[in-house]
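# Geometric and topological summary
Now for the letters of each chain:
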Amino acid sequence: MEKTASDTGAATGSSRLDELLLEAIVSTGAHIGAVYLLAEDGQVLRMDAQLGLPAPIAKAWSRIRRNDPIPAAAAVREGRTVWLSGREDLARMFPTAALALPYHFAAAISPIRTGETIRGALLLLWPSGRTASLTERQRDVIDATCAELGGVLQRAADRGRPIVPGPQPRILAPRPARRTDPSAQLIALESLNRLPEGYCSLDVEGRVTLLTAPAAKLLGSCSSELLGERPWEALPWLDDPAYEDRYRDAAVSRQVTSFTARNPAGRTLTFRLYPGLTGITVRITPDRDSAGPAPDTGGDRHVRVIALHEMLHLATTLARAVTAQEVIDLVADHVMPVYDVQALAILTSNGGRMRVAASRGYSRQAIDEFDGRPVIPPARERRPLEAGKPAFFSTWDELRQAYPDAIRSDNMSAWAFLPLVTSGRPIGLCILAYDRPHRFNTDERATLTALAGLIAQAFERARLYDVKHQLAQCLQSSLLPRTLPEIPGLDVAARYVPATPGMDIGGDFYDLIRLSDTVAAAVIGDVQGHDVTAAALMGQVRTAIHAHAASGANPGEVLARTNRLLMELAPDRFTSCLYVSLDLERHTACLASAGHLPPLLGRPGAPAKVLSTSPGLLLGIDPEAEYPTTDLDLPPGSVLTLYTDGLIELPGLDLDDAIRDLADRFTPCPGRSLHDLAEFLIEPVALDQRTDDIAVLLLRDASRP
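These lines cover the structure that appears in this document, whether it is placed above or below. In this text, all values refer to a predicted model and were calculated from it rather than measured experimentally.

A word on the overall build of the chain. When you go through the chain residue by residue, the secondary structure sums to 20 helices and 27 strands. In the chain, which comprises 705 residues, the share counted as buried stands at 51%. In the form shown here, the chain has an accessible surface area of approximately 33000 Å², with 51% of it arising from carbon and sulfur atoms.

Spatial strand order, β14-β13-β17-β16-β15: five strands in an open sheet with antiparallel pairing. Of all strands in the sheet, those bounded by a partner on one side alone are β14 (353-360) and β15 (391-393). Strand after strand, the sheet turns through a mean of 20° between neighbouring axes, direction not considered. As paired elements, strand β16 (residues 414-422) and strand β17 (residues 425-434) share nine bridges and run antiparallel to each other. Looking at β17, one finds that L420 is bridged to G428.

This model, assessed by the stated rule, comprises ten aromatic pairs. Measuring from centroid to centroid gives 4.8 Å for F259 and F271, while their planes differ by 10°, and the two rings are stacked. Of the two residues, F259 sits in strand β10 (residues 257-262) while F271 sits in strand β11 (residues 268-276), which places them twelve residues apart along the sequence. Comparing F259 with F271 shows no difference in burial state: the two are buried. One aromatic cluster is present, built from ring pairs that chain together Y243, F259 and F271.

You can see S576 is positioned in strand β21 (residues 575-583). Classification of S576 by relative accessible area gives buried; the value is 11%. One polar contact links S576 to H596, side chain to side chain, over a distance of 2.9 Å. Ignoring any residue separated from it by four or fewer positions in sequence, one finds S576 in contact with I524, G525, D526, A594, G595, H596 and L618.

Turning our attention to the nonpolar core. Formed by 71 residues in total, the largest nonpolar core has its most connected members in Y36, I109, V327, V331, L420, L432 and L448. For this core, the element with the most residues is helix α16 (residues 442-479), which contributes ten residues. Excluding its chain neighbours within four sequence positions, the residues that come into contact with L432 are V335, V341, A343, L344, A414, W415, A416, L418, L448 and L451. In this structure, L480, M538, V558 and L632 belong to the second largest nonpolar core, which totals 48 residues.

Within this structure, the stated rule accounts for 21 salt bridges. The closest approach of N and O atoms between R495 and E679, which form a salt bridge, is 2.0 Å. Taken as a pair, R495 in strand β18 (residues 490-497) and E679 in helix α20 (residues 674-686) lie far apart in primary sequence, 184 residues in all. The exposure class of R495 is partly exposed, given its relative accessible area of 24%. What you see here is one network of salt bridges that share partners, running through R16, E19 and E148.

On the surface, a cluster of nonpolar side chains totalling about 230 Å² of accessible area is made up of F574, L617 and I621. Along the polypeptide, I621 turns up in the loop between β24 (609-610) and β25 (629-633).

Taking 1.5 Å of rise per residue, the 16 residues of helix α13 (residues 324-339) would be expected to cover 22 Å, and the 21 Å separating its terminal C-alpha atoms lies within 8% of that figure. The principal kink in α13, of about 35°, is found at A332. All buried positions along α13 are accounted for by A324, V327, I328, L330, V331, A332, H334, V335, M336 and Y339. The first or second residue beyond α13 is D340, which carries a positive phi of 55°.

Turning to the sheet that holds strand β8 (residues 198-202), a few remarks are in order. With antiparallel pairing, five strands are arranged side by side in an open sheet as β9-β8-β12-β11-β10. Each edge of the sheet is formed by a strand with only one pairing partner; in this case those strands are β9 (208-211) and β10. Taking the axes of each pair of neighbouring strands and ignoring which way they run, one obtains an average angle of 20° across the sheet. Strand direction decides the pairing type here: β8 and β9, joined by three bridges, are antiparallel. Across the sheet, C200 pairs through a bridge with L211, a residue of β9. Contacts between helix α11 (residues 241-253) and the sheet are confined to β8, β10, β11 and β12 (279-286), with β10 contributing the most and set at about 165° to the helix.

Bringing the environment of A594 into the picture now. Among the structural elements, A594 can be located in strand β22 (residues 588-594). Considered as a pair, A594 and S614 are 20 residues apart in the sequence and their alpha carbons are 9.1 Å apart.

This part covers helix α3 (residues 71-78). Each turn of an α-helix holds 3.6 residues, which means side chains three or four residues apart point in the same direction. Burial runs high along α3: six of the eight residues are buried. All of the buried residues along α3 are P71, A72, A73, A74, A75 and V76.

A few words on the environment of L484. Here L484 shows up in the loop between α16 and β18. Since its relative accessible area comes to 23%, L484 is described here as partly exposed. For the pair formed by L484 and A494, sequence separation is ten residues and the distance between their alpha carbons is 8.6 Å. Not counting residues up to four positions away in its chain, the partners in contact with L484 are V492, A494, Y510, D511, L512 and L697.

Scoring rules and cut-offs
- Residues numbered from 1 in each chain as written.
- Predicted model: local features only at pLDDT ≥ 70, side-chain atom pairs only at ≥ 80, totals over all residues.
- Heavy atoms only, no water.
- Helix = DSSP H or I, 4+ residues; strand = E, 2+ residues; numbered from the N terminus.
- Buried < 20%, exposed > 50% of the residue type's maximum accessible area, 1.4 Å probe, protein only.
- Areas by Shrake-Rupley, 256 points an atom, 1.4 Å probe, with all protein chains shown as cover.
- Pairing = 2+ DSSP bridges.
- Axes fitted to C-alpha atoms, helices over the stretch in contact; angles between N-to-C directions.
- Phe/Tyr/Trp six-rings, centres within 6.5 Å; stacked < 30°, edge-to-face > 60°.
- Polar contact = N/O pair within 3.5 Å; in protein donor to acceptor, adjacent residues only side chain to side chain.
- Contact = heavy atoms within 4.5 Å.
- Core = buried A, V, L, I, M, F, W, Y, C linked by side-chain atoms within 4.5 Å.
- Salt bridge = Lys/Arg side-chain N within 4 Å of Asp/Glu carboxyl O.
- Patch = residues over 30% accessible without salt bridge, like charges linked within 9 Å, V, L, I, M, F, W, Y side chains within 5 Å.
- Expected span 1.5 Å × (residues − 1).
- Bend = angle between axes of the 7 residues up to and from the residue.

Have a look at this one:
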């Protein structure tokens with residue numbers, strides 16, 4: 001197929017991007033590099049080219065959303081270079097990314113821009129531990145490279161041939177130091193074949209490019225079967241995530257890694273991986289004594305892989321936590337078994353005093369010792385934990401040296417203090433405690449630091465939800481009547497049960513209005529929605545009904561007028577409502593319904609009856625809606641029950657069947673207290689997890705015939 005001029009221009013621009021990326025890697029001493037380009041909508045970063053990243057990692061990170069909590073997205077969002085000196089930095093600043101990339105490396109990510117327009121990002125990685133910050137020369141190279149990359153992208157766009165990443169990132173080949181002689185490669189292979197141990201070479205994608213005869217023999221295969229393949233894919237007995245993780249670790253961190261495995265012949269083999277710019281050399285040696293139990297697959301690294309999977313599982317489960325105690329319980333369930341932690345606690349501070357927001361494993365006495373105690377200052381030469389960095393104390397002496405006034409509770413002997421920081425603001429401190437001295441290795445420190453980030457996000461969500469929920473419930477309860485008026489000849493009982501803690505609030509309401517010495521009005525309803533707006537609207541509906549009822553309107557008129565007002569206040573919210581006017585002198589009732597559930601009527605000596613109400617439309621749908629009324633006799637001793645859907649609705653249960661079941665349970669007796677009857681009706685559903693609130697209003701004509 002013939003290439004168009006546009007294709008040729010784009011290809012030329014991509015070639016120049018590749019050249020600039022390779023030059024930046026060589027000039028800064030990096031071993032991995034990648035170029036991300038910002039999509040036209042400005043919301044997605046796509047990896048255009050990369051060198052040195054294992055293929056699975058490159059694919060997983062080839063597409064990044066601008067609002068993702070990861071370094072490349074942050075560099076573009078904030079328009080600055082993000083520098084990470086090592087894994088602990090990554091874990092502290094970007095805990096989610098640290099869990100997905102649990103390797104040791106330093107990184108710099110800088111935005112690619114032309115003027116004020118950001119077009120992408122340049123990513124460079126180095127082995128960690130070599131420097132705490134970028135050198136001036138490295139900064140100059142990065143700035144110059146980003147500027148030139150931006151120029152290439154700008155010129156391509158100006159010519160109408162913008163550079164667009166392909167479906168997969170281009171994998172660049174490193175520049176060799178010198179040309180290689182094919183005969184020299186054969187001589188090298190022949191030399192390696194003379195050695196008793198086996199050797200193989202993997203390219204940057206993990207594929208076998210060279211395999212010695214001893215290596216093929218130890219692996220139980222031959223060169224023709226393995227060349228061009230990834231060992232853990234070609235050999236079933238190496239198909240273990242822990243083995244591939246060692247390859248990724250060597251490639252990303254540029255550190256020598258090793259693991260042991262047993263081949264199909266039963267021999268234990270040790271694999272040592274030596275990374276370099278063009279790939280990885282693997283030395284394979286057989287153990288002298290292969291008898292005994294199955295070999296370890298990587299020591300601490302295998303444990304770390306297990307811990308990583310636990311953290312990823314924890315990240316998903318924390319999404320459903322809505323209270324501080326739920327957060328600590330989920331963390332405890334996942335972290336304590338993996339890291340042998342004996343106690344956890346989340347502390348906050350208020351007015352210079354510590355508060356225990358949640359805990360697991362600490363005794364009641366220990367919690368009381370901390371709760372309300374002044375914040376413990378550090379030794380003079382140390383900065384307080386509010387600086388946002390975690391602190392690890394392997395022994396009691398180490399902790400006491402840093403915090404002379406520290407409290408030793410439950411005879412714990414080692415601690416990890418993990419500040420909880422969100423949006424750059426400290427919100428609390430997570431303490432992990434051990435019952436014996438504990439040395440924290442680098443991997444453990446980094447993973448626990450990442451854990452702190454996950455806890456902070458979940459704890460902040462739980463805290464904000466709790467504040468919002470309390471505010472909404474307070475608003476809702478303040479809008480419900482605290483007491484109902486006493487009306488001669490009328491016994492009344494009302495119950496309101498909020499939704500299960502952790503669920504949203506509801507908009508259920510009820511009221512009793514005294515219109516005269518012998519006439520009263522009862523009302524019950526449910527505003528659409530489970531939020532503060534619903535609670536506020538509920539109060540407005542109650543006020544409107546009060547006003548229209550006091551004006552002498554009949555039940556149908558009360559609902560019609562309230563409906564017109566509701567259309568003006570909240571045209572996008574609907575409300576069901578049942579209004580009942582009670583004439584205690586005539587022992588009659590008149591009711592009107594706006595799409596509400598039918599009331600129940602219990603008469604002495606007769607089974608409970610579901611009343612037919614001829615309901616009109618819900619309030620808030622049609623400003624011209626009319627609400628017909630229904631008259632009924634209310635003999636002395638009769639009990640009228642008004643309720644909301646939270647009392648009867650259950651998943652999979654037909655609504656009519658649910659109402660009939662409620663009528664069967666509704667058994668008022670002349671001597672039975674209405675409060676007891678209300679409790680009896682609510683008890684079966686009040687004990688279950690409820691996603692909706694419940695309101696019940698019972699009315700008994702207690703006048704004499």
